[in-house]
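Survey of secondary and tertiary structure
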Amino acid sequence: MTIDLDTRLIPADTASAEPAGLSLRPANDPGIRCAGANGTTLAIDPGLASLDPAPPEERWFAGAASNAPSGEGGLYRRVCGDVLFIAREGPDDDLRERTRDVYRDLVAACREAGYPYLLRMWNFFGRIHEPEKGLERYQAFCTGRAEALEALEIPLGGMPAATAIGSDHAGLFVHAIAAREPGTPVENPRQVSAYHYPERYSPKSPSFARATRIETPRGPMLLISGTASITGHESRHPGDIAAQTRETLANLDTLHAEGGADLPGLRWLRVYLRHPEHRDAVEAILREHYGARTPPVQWVRGDVCRQELLIEIEGVHA
Ligand code: 3EB
């Protein structure tokens, strides 16, 4: 069994007639829209500031569409063959409760549509380091997410790959790719699984896998979670952007190896930087590391969940 899913980073202003199922472009006009020919693409601008004046667009393609996106109750859905693209925008006050509700509604909609397996999820919200009811807001988010997934009886071995980043915009944006059959979660031997982090990071640990492997009709694909300068469960190289970038790349290489020797190279990366002025230094390290194989990159400003972490990178092997 395969899952027909593909993705590309398309340079700005490139005409592409291909119907995408989901598109993400940081264009500083936050919201979820139905775009493309016949409104068939879920177009997401999750409130992240781009570091490029004309950022490339991340597109996800899947099999033939069986419905147009609908946005009832703030929940946008688009069924495309083997996958369901689903996205939700809502308020991000009372983040623990909001997250719990969003996850409950989102998973219920996936199950109802016949796509119960979460392959990949993205979470963006404002003021990630601010306190809320005795927790840091990232911890409130983790707690609400874990409460929902526990209540939905999704086991730790069935966690999706994920990203959770603080944006400069108010509002909770959650989007996901779900399937009719499960992917294979991949963990990183250099890191403790996030769902086993000690309690000091959050009363309920972050619910995500380090990566998800799927088999597509074109070969294997690895969806890599947001990855940072963490080994074991501890942040490494506080304050040192160059060393954090190299540690993050070592984690990405390890996930590539763990995912299987048959995986192709990187299709694209997205880099989240706490400080935009670090871009040139990080770009030079990426070039040095990947050389001629440096993939296209989408650069955005974002707050990584721990204050001392300056960079997070996610990507796709396909
Ligand atoms: C980490 O490895 C860094 O809470 O969904 C990366 C990816 C991180 C996803 C999440 C958090 C999440 O713990 C932070």
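Rules and cut-offs
- Residues numbered from 1 in each chain as written.
- Predicted model: local features only at pLDDT ≥ 70, side-chain atom pairs only at ≥ 80, totals over all residues.
- Heavy atoms only, no water.
- Near = heavy atom within 4 Å.
- Polar contact = N/O pair within 3.5 Å; in protein donor to acceptor, adjacent residues only side chain to side chain.
- Areas by Shrake-Rupley, 256 points an atom, 1.4 Å probe, with all protein chains shown as cover.
- Helix = DSSP H or I, 4+ residues; strand = E, 2+ residues; numbered from the N terminus.
- Nonpolar A, V, L, I, M, F, W, Y, C, P; charged D, E, K, R; others polar.
- Axes fitted to C-alpha atoms, helices over the stretch in contact; angles between N-to-C directions.
- Parallel < 35°, antiparallel > 145°, perpendicular 65-115°, else oblique.
- Left-handed = near helix turned anticlockwise from the far one by under 90°.
- Contact = heavy atoms within 4.5 Å.
- Buried < 20%, exposed > 50% of the residue type's maximum accessible area, 1.4 Å probe, protein only.
- Salt bridge = Lys/Arg side-chain N within 4 Å of Asp/Glu carboxyl O.
- Pairing = 2+ DSSP bridges.
- Core = buried A, V, L, I, M, F, W, Y, C linked by side-chain atoms within 4.5 Å.
- UniProt positions renumbered as here; feature names shortened; annotations may be inferred.

As recorded in an unreviewed UniProt entry, the protein goes by the name Pteridine-dependent deoxygenase like protein, listed as coming from Thioalkalivibrio halophilus.

1. Quick look at the site of the ligand
Taken together, the neighbourhood of the ligand is formed by 13 residues, with Tyr138, Arg145, Tyr197, Arg210 and Cys305 sitting nearest. Here an oxygen atom of the ligand sits 2.7 Å away from a polar atom, N or O, in the side chain of arginine 145. The separation between an oxygen atom of the ligand and a polar side-chain atom of tyrosine 197 is 2.7 Å. Contact with the protein chains covers 100% of the free accessible surface of the ligand, which is 360 Å². For the shell around the ligand, the secondary-structure elements that each account for two or more residues are helix 2 (137-151) and strand 12 (161-167). For the shell around the ligand, the element with the most residues is strand 12, which contributes three residues. By residue class, the composition of the shell around the ligand is eight nonpolar, two polar and three charged.

2. Brief notes about the packing of helix 3 (residues 241-259) against helix 4 (residues 279-290)
Contact pair helix 3 / helix 4: the axes reach a minimum separation of 10 Å and the direction vectors enclose 40°. The pairing of helix 3 with helix 4 is recorded here as oblique in orientation. Like other packed secondary-structure pairs, helix 3 and helix 4 cross with a definite hand, here right-handed. Together, Ile241, Ala242, Thr245, Arg246, Leu249, Leu252 and Asp253 of helix 3 and Val282, Ile285, Leu286, Glu288, His289 and Tyr290 of helix 4 make up the contact between the two elements. Among the residues making up the contact of helix 3 with helix 4, the classes are represented as eight nonpolar, two polar and three charged.

3. A look at the environment of proline 155
By the secondary structure assignment, proline 155 is in the loop between helix 2 and strand 12. Given a relative accessible area of 52%, proline 155 falls into the exposed group. Along the primary structure proline 155 and serine 207 are separated by 52 residues, whereas in three dimensions their C-alpha atoms are 9.8 Å apart.

4. Some points on the pattern of salt bridges
Throughout the structure, instances matching the rule amount to 33 salt bridges. Linking arginine 120 and glutamate 314 is a salt bridge whose minimum nitrogen-to-oxygen distance equals 3.3 Å. With a gap of 194 residues between them, arginine 120 in strand 9 (residues 117-126) and glutamate 314 in strand 21 (residues 311-317) connect regions that are remote in the sequence. Both residues of the pair, arginine 120 and glutamate 314, belong to the buried class. For arginine 301, the salt bridge identified is with aspartate 168, shortest N-O distance 2.7 Å.

5. Focus: the pairing of strand 12
With seven of seven residues buried, strand 12 is to be regarded as a mostly interior element. Of the two faces of strand 12, both are covered, the one formed by Ala161, Thr163, Ile165 and Ser167 as well as the one formed by Ala162, Ala164 and Gly166. As judged from the seven bridges shared by strand 9 and strand 12, these two strands associate in the parallel manner. Paired with glycine 126 across the bridge in strand 12 is serine 167.

6. Here we look at the nonpolar core
With 72 residues, the main nonpolar core has Leu5, Trp60, Phe85, Leu106 and Leu118 as its most contacted residues. Once residues within four sequence positions are removed from consideration, phenylalanine 85 is found in contact with Leu5, Gly21, Leu22, Leu42, Trp60, Ala62, Tyr76, Arg77, Arg78, Cys80, Ala176 and Ile177.

7. As for the pairing of strand 6 (residues 57-62)
With five of six residues buried, strand 6 is to be regarded as a mostly interior element. Looking at chain direction, strand 1 (residues 5-10) and strand 6 are connected through six bridges and run antiparallel. Its bridge partner lying in strand 6, aspartate 6 is registered against phenylalanine 61.

8. Re the UniProt feature "domain: Chorismatase FkbO/Hyg5-like N-terminal" (unreviewed entry) in the protein
According to UniProt, the "domain: Chorismatase FkbO/Hyg5-like N-terminal" (unreviewed entry) feature falls on residues 69-178. Across residues 69-178, the secondary structure splits into 31% helix and 38% strand, with the terminal C-alpha atoms separated by 15 Å.

9. Some remarks on the side chain of serine 207
Here serine 207 is to be found in the loop between strand 14 (184-186) and strand 15 (211-216). Not counting the four nearest positions on each side in its chain, serine 207 is found in contact with Arg145, Ala146, Leu149 and Met159.

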